[in-house]
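Structure assessment
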Amino acid sequence: MPSKRDLLERNTPYDGPNWSEFQWDRILAFVGGVVITVLYLWVNPSQHVPDWTAAALGSVPVGFLFYGFSSQSWQTCAKIATGTAIGMSLGTYF
């Protein structure tokens, strides 16, 4: 006597999404960028630290968000975020 599985004849079983195909580092970078942005706006560091430091800290969530959206390596995104932080701090300082 055939089993119920044999009677259904599923040719391609679907086990759900393949979780190993997701790029978790990029997903977590995006979520971290959103969380850091909310914290940055909530804390308002320009009240506690000099303006040039607050401007430099603003590029940290941008770097995380950029890594989450782009296909660049994390080293490239870190270099872009560092360059942006230096440029914003120098622009605010002078």
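Model, not experiment: these values are computed from the prediction.

**Quick word on the packing of aromatic side chains**
Under the definition given, this model contains four aromatic pairs. Geometrically, the ring pair formed by Phe22 and Trp24 is tilted, given 5.7 Å between the ring centres and 50° between the ring planes. In this structure Phe22 comes out as partly exposed when scored by relative accessible area, which is 37%. Judged by relative accessible area, which is 41%, Trp24 ranks as partly exposed. Ring centres of Tyr93 and Phe94 lie 5.0 Å apart, and the angle between their planes is 80°; this geometry places the pair in the edge-to-face category. Residue class for Tyr93 comes out exposed when judged on its relative accessible area of 53%. Owing to a relative accessible area of 74%, Phe94 belongs among the exposed residues under this scheme. Three or more aromatic residues joined by ring pairs make a cluster, and in this case those are Trp52, Tyr93 and Phe94.

**Things to note about the side chain of Ser89**
The residue Ser89 is located in helix H5 (residues 74–93) in this model. Within the structure, the side chain of Ser89 is placed 2.9 Å from the backbone oxygen of Ile86, a separation counted as a polar contact. The contact partners of Ser89, leaving out residues within four places of it in the chain, are Trp52 and Ala56.

Parameters at a glance
- Residues numbered from 1 in each chain as written.
- Predicted model: local features only at pLDDT ≥ 70, side-chain atom pairs only at ≥ 80, totals over all residues.
- Heavy atoms only, no water.
- Phe/Tyr/Trp six-rings, centres within 6.5 Å; stacked < 30°, edge-to-face > 60°.
- Buried < 20%, exposed > 50% of the residue type's maximum accessible area, 1.4 Å probe, protein only.
- Helix = DSSP H or I, 4+ residues; strand = E, 2+ residues; numbered from the N terminus.
- Polar contact = N/O pair within 3.5 Å; in protein donor to acceptor, adjacent residues only side chain to side chain.
- Contact = heavy atoms within 4.5 Å.

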